[in-house]
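Breakdown of the fold
Below, each chain spelled out in residue letters.
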Amino acid sequence: MTDAAPGADALRAFMAQTEAAGEAKAEPVPISARAATVVVAREGEFGPEILMLRRPERGTFAGAWVFPGGKVDPEDAVPGGTMADALKATAIRETKEETGLDVVPADLVQISQWEPPEVTAVRIRTWFFVALASSGTFVPSPDEVAEWMWIRPIDMLERHAQGSVTLYPPTFITLTALTGCGSSIAEWSTHLRDLQPREYSTRMRKSDGTTALFWQGDYEYDAEQPGATGPRHRIVTGSLPWTYINEVWAS
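What this report covers is the structure whose coordinates are included nearby. (Residues numbered from 1 in each chain as written. Predicted model: local features only at pLDDT ≥ 70, side-chain atom pairs only at ≥ 80, totals over all residues. Heavy atoms only, no water.)

Regarding the overall build of the protein
Helix and strand counts for the protein stand at five helices and 12 strands. The buried share among the 251 residues of the protein stands at 46%. Accessible area for the protein stands at about 12,300 Å²; split by element, carbon and sulfur atoms hold 51% of it. (Helix = DSSP H or I, 4+ residues; strand = E, 2+ residues; numbered from the N terminus. Buried < 20%, exposed > 50% of the residue type's maximum accessible area, 1.4 Å probe, protein only. Areas by Shrake-Rupley, 256 points an atom, 1.4 Å probe, with all protein chains shown as cover.)

Quick look at the structure:
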């Protein structure tokens with residue numbers, strides 16, 4: 001399938017910004033903030049569904065489909081608590097602000113942690129959670145949500161493959177991982193609670209005119225060696241559909 005808009009637009013923008021930053025900066029950019037994002041799940045007629053939000057055509061992730069989330073604020077600090085407690089507080093607050101839905105700490109399962117490439121202009125370390133339950137009435141924030149849907153992860157990936165939605169790589173990989181979690185929320189709960197959260201420190205490199213994204217364990221992650229071979233842990237994005245290759249971590 002050939003590349004198509006808008007499915008590839010987010011990656012093009014991300015890479016253009018990152019490459020420009022890399023040309024201008026000789027030293028790695030430090031992490032400037034922490035954030036939490038939440039995959040809100042519910043039982044659907046044909047299996048678990050998740051809440052996807054399309055951002056307005058402005059600001060961060062303009063026009064892209066994302067999960068509720070945002071940066072950690074000072075008010076999220078829990079007296080006597082840890083950073084993990086503050087991150088869950090952020091996840092709960094952002095979900096409420098953007099969707100009107102309530103989630104509680106016991107229903108939040110951390111599944112991953114993400115860092116953008118070291119030369120990205122603004123680097124935010126983001127923790128991803130799955131909310132296995134929610135309550136309240138869905139009321140989307142008009143400032144944060146241009147469109148929304150409850151959808152199975154596999155169906156969202158199909159829309160992306162067809163070029164009808166824009167996803168950023170962390171969202172794409174999260175959706176891919178969720179397709180293997182089972183056919184009910186109960187199965188998701190068992191599977192996700194047994195998993196160790198994954199850490200993704202992204203690196204980007206151009207090879208033969210094509211830009212690739214790598215993660216830990218890929219044989220080209222630390223240094224590209226001509227003729228070298230080994231396990232791959234990368235996303236292939238030259239055309240749609242994208243392919244996430246993980247020969248390092250068991251699912």
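Continuing now.
Describing helix α2 (residues 83–99)
If you check α2, its first and last C-alpha atoms are 24 Å apart, about what 17 residues at 1.5 Å a residue would give, namely 24 Å. Within α2, burial applies to A86, L87, T90, A91, R93, E94, T95, E98 and T99. In the core, the buried residues of α2 are packed alongside β1 (31–44), β2 (47–54), β4 (69–71), β5 (108–115) and β6 (123–131). At the N-terminal boundary of α2, the capping side chain belongs to T82, with an oxygen 3.3 Å from the backbone nitrogen of A84. Immediately downstream of α2, the backbone of G100 shows phi near 80 degrees, a positive value. (Expected span 1.5 Å × (residues − 1). Contact = heavy atoms within 4.5 Å. Polar contact = N/O pair within 3.5 Å; in protein donor to acceptor, adjacent residues only side chain to side chain.)

A closer look at the layout of surface pockets
The calculated volume of the largest pocket comes to roughly 1,100 Å³. Considering the residues around the largest pocket, the lining is formed by 39 residues, among which T60, F61, I124, T126 and Y168 are closest to the centre. Every element with two or more residues in the lining of the largest pocket is listed here: α1 (9–24), β1, β4, α2, β5, β6 and α4 (169–178). By residue class, the composition of the lining of the largest pocket is 20 nonpolar, 11 polar and eight charged. (1 Å grid on protein atoms, 1.4 Å probe; cavity = no way out; pocket = protein on both sides within 12 Å on 5 of 7 lines; lining within 4 Å. Points joined across faces, edges and corners; volume = space filled by probe spheres on them. Nonpolar A, V, L, I, M, F, W, Y, C, P; charged D, E, K, R; others polar.)

Description of the environment of F214
Relative to the helices and strands, F214 resides in strand β10 (residues 210–214). Note: C-alpha distance between F214 and R234 (20 residues apart in sequence) is 4.4 Å. Leaving out residues up to four positions away in the same chain, F214 has contacts with S201, T202, R203, R205, E220, Y221, H233 and R234.

Considering the pairing of β1
Judged from the nine bridges that link them, β1 and β6 form a sheet pairing that is parallel. Counted as the bridge partner of T37 is F128 from β6. Note that β1 and β4 share three bridges and pair antiparallel. Residue pairing in the sheet places A36 in a bridge with G70 of β4. Turn length for the β1-β2 hairpin, with the two strands adjacent in sequence and antiparallel, is two residues. (Pairing = 2+ DSSP bridges.)

Remarks on the packing of aromatic side chains
All chains considered together, the criterion is met by 10 aromatic pairs. Ring centres of F172 and W242 lie 5.3 Å apart, and the angle between their planes is 65 degrees; on these two criteria the pair is classed as edge-to-face. Placement of F172 in helix α4 and of W242 in the loop between β11 (233–236) and β12 (243–246) is noted, with a sequence separation of 70 residues between them. The buried category is assigned to W242, whose relative accessible area is 5%. Residues Y200 and W249 carry aromatic rings whose centres are separated by 5.2 Å and whose planes lie at 80 degrees to one another, so their mutual orientation is edge-to-face. (Phe/Tyr/Trp six-rings, centres within 6.5 Å; stacked < 30°, edge-to-face > 60°.)

Considerations on the packing of helix α3 (residues 153–161) against α4
Helix-helix packing is characterised by the crossing angle of the two axes and by the distance between the axes. Packing of α3 against α4 brings their axes to within 8 Å, and their N-to-C directions diverge by 135 degrees. With respect to their mutual orientation, α3 and α4 come out oblique. As for how α3 packs across α4, the hand of that crossing is left-handed. Residue-level contacts link P153, M156, L157 and H160 of α3 to F172, L175, T176 and L178 of α4. A breakdown of the residues in the contact of α3 with α4 according to their chemical character gives six nonpolar, two polar and no charged. (Axes fitted to C-alpha atoms, helices over the stretch in contact; angles between N-to-C directions. Parallel < 35°, antiparallel > 145°, perpendicular 65-115°, else oblique. Left-handed = near helix turned anticlockwise from the far one by under 90°.)

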